[in-house]
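Tertiary structure, described
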Amino acid sequence: MAAFFGFHMPSFTFPGVPSDSLFDRVAKNAKAAEKAGFDLVTVMDHFYQIRGIGPETEPMMEAYTTLSALATQTSRVKLGTLVTGVTYRNPALLAKQVTTLDVISKGRAILGIGAAWNEDEHVGYGVEFPPIGQRMDRLGETLTIAKLMFTEDRPSFEGKHYKIDRALNVPRPVQPGGPKILIGGSGERRTLRLLAQHGDIGHWFGGPLEELKRKKQIFEEHCEAVNRDPSEVLLTLGMTLVLAENDKDAKALIDGLTPERRAMAMTATVPQAAELLGKYMEAGFGGFTFNNNVLQTDESIALAGDLIKLVRGNPVPA
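Below you will find a few notes about this structure. (Residues numbered from 1 in each chain as written. Predicted model: local features only at pLDDT ≥ 70, side-chain atom pairs only at ≥ 80, totals over all residues. Heavy atoms only, no water.)

**A few points about the environment of Lys163**
- Of note, Lys163 is situated in strand β7 (residues 163-164).
- The sequence separation of Lys163 and Asn90 amounts to 73 residues, and the corresponding C-alpha distance is 9.8 Å.
- Beyond its immediate chain neighbours, meaning those up to four positions away, Lys163 contacts Phe157 and Glu158. (Helix = DSSP H or I, 4+ residues; strand = E, 2+ residues; numbered from the N terminus. Contact = heavy atoms within 4.5 Å.)

**Remarks on the pairing of strand β1 (residues 4-9)**
- Counting buried residues along β1, 6 of its 6 residues qualify, which places the element largely inside the surrounding structure.
- Of the two faces of β1, the one carrying Phe4, Gly6 and His8 and the one carrying Phe5, Phe7 and Met9 are both buried.
- Pairing of β1 with strand β13 (residues 287-291), which is carried by 5 bridges, proceeds in the parallel orientation. Considered in β13, the bridge of Phe7 is made with Phe290.
- Sheet topology note: the β1/strand β2 (residues 40-43) ladder contains 4 bridges and is parallel. By the bridge assignment, Met9 is partnered in β2 with Val43.
- Viewed along the sheet, the connection from β1 through helix α1 (residues 19-36) into β2 turns out right-handed. (Buried < 20%, exposed > 50% of the residue type's maximum accessible area, 1.4 Å probe, protein only. Pairing = 2+ DSSP bridges. Right-handed = clockwise from strand over helix to strand, strands pointing away.)

**A word on the sheet that holds β13**
- Read across the sheet, 9 strands follow the order β3-β2-β1-β13-β10-β9-β8-β5-β4 without closing on themselves; strand pairing throughout is parallel. Each edge of the open sheet is held by one strand with a lone partner, namely β3 (78-81) and β4 (84-85).
- Together, β1 and β2 form the strand contacts of α1, whose direction differs from that of β1 by roughly 170°.
- Contacting β5 (110-114) and β8 (180-184), helix α5 (residues 132-151) runs over the sheet at an angle of about 165° to β5. (Axes fitted to C-alpha atoms, helices over the stretch in contact; angles between N-to-C directions.)

**Observations concerning the side chain of His46**
- Tracing the backbone through its elements, the reader meets His46 in the loop between β2 and α2 (63-71).
- Residue classification places His46 among the buried positions, given a relative accessible area of 9%.
- Apart from the residues lying within four places of it in its own chain, the contact partners of His46 are Met60, Met61, Tyr88, Trp117, Asn118 and Glu121.

**With respect to the nonpolar core**
- Phe38 and Phe290 are the most contacted members of the largest nonpolar core, which totals 81 residues.
- Apart from the residues within four sequence positions on either side, Phe290 is in contact with Phe5, Gly6, Phe7, His8, Phe38, Met239, Leu241, Leu277, Leu295 and Leu307.
- If you look at the next biggest cluster of nonpolar residues, it comprises 8 residues, including Leu40, Val83, Ile110 and Leu182. (Core = buried A, V, L, I, M, F, W, Y, C linked by side-chain atoms within 4.5 Å.)

**As for empty space enclosed by the protein**
- The final tally for this structure, using the stated rule, is 1 cavity of 30 Å³ or more.
- One number sums up the size of the largest cavity: a volume of about 30 Å³.
- Looking at the largest cavity, the residues that line it are Phe4, Leu40, Leu82, Leu182, Ile201, His203, Thr236 and Thr289.
- A breakdown of the residues in the lining of the largest cavity according to their chemical character gives 5 nonpolar, 3 polar and no charged. (1 Å grid on protein atoms, 1.4 Å probe; cavity = no way out; pocket = protein on both sides within 12 Å on 5 of 7 lines; lining within 4 Å. Points joined across faces, edges and corners; volume = space filled by probe spheres on them. Nonpolar A, V, L, I, M, F, W, Y, C, P; charged D, E, K, R; others polar.)

**Quick notes on helix α10 (residues 270-282)**
- Taking 1.5 Å of rise per residue, the 13 residues of α10 would be expected to cover 18 Å, and the 18 Å separating its terminal C-alpha atoms lies within 8% of that figure.
- Within α10, the full set of buried residues consists of Val270, Ala273, Ala274, Leu277 and Tyr280. Along the axis of α10, the buried positions cluster into a sector of 115°, meaning they face one direction only. Residues of α10 that are exposed and point over 90 degrees away from its buried face: Pro271, Glu275 and Glu282.
- Note on α10: the residue one or two positions beyond its end, Gly284, has a positive phi of about 105°. (Expected span 1.5 Å × (residues − 1). Arc of directions from axis to C-beta.)

**Here's the deal with the packing of α1 against α2**
- The geometry of α1 relative to α2 is characterised by a closest axis approach of 10 Å and an angle of 60° between their N-to-C directions. As the angle between them shows, α1 and α2 are arranged oblique. Crossing angle aside, the handedness with which α1 passes α2 is right-handed. Across the interface between the two elements, Phe23, Val26, Ala27 and Ala30 of α1 pack against Thr66, Ala69 and Leu70 of α2.
- For the contact of α1 with α2, the class distribution of residues is 6 nonpolar, 1 polar and no charged. (Parallel < 35°, antiparallel > 145°, perpendicular 65-115°, else oblique. Left-handed = near helix turned anticlockwise from the far one by under 90°.)

Pasting the structure below:
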């Protein structure tokens, strides 16, 4: 199976670009990613910018409005959030929004979801921010409701936090069985079990390979407990990988990152990056996500396209 590549857009900060041209620049990024061979384009589901990317006062566009607009500007890439906070929306409404995105994009939507973490924006928007145990309970119920609404005509469900009563979801999703479900996070006791039960794609932060192998083993144990074949789930990693053709270009890109991201970043040429990703792939990780705060220009996105070609065994132009 060919490696899966995601282009993630956590930043809507483009120096010199006014608000009325902001979406044009976002669409330009997405089109460049599609041309470069990325499989998935994602945005964050946040209302404030998050620490590690920039100050909270930086621009932040609403996720599903942005994705629906991007669906009209692209033709091949999958589209989704990395990831929706379970607390932000009623689960049935979320399933409706993702289904609508699937219809607009002609079958390219992915439901990305996680337990939510940014308390500041919950406080600012007046959204309840329950303890993590309750958020995980809500995540499990939301995944159940979404799957029901993707696959059944008039489903009903009643849990501790949410219920639906013969809920309609028309028009139906374009994708048979509904959009794939991506679950973000690698919490060993509950998140990885929910991934085993409900997920099609798991997204974890990149890190030391041995630690990731350990988490993968725990995930496989959860799969065994729920009678799920772990090979049915694509495991993907978010990589702060700075691609550059020389040290000067690499330094310029590194200097543009926040101190938190700079500490996590790795610099590499395309061949070096391909070798690194190959080690993760040998360990069973089949997908990688790169951020637009690292891939800032059409040229850097095209360089990532060279990496995609090389990883997939295609020749890269000299």
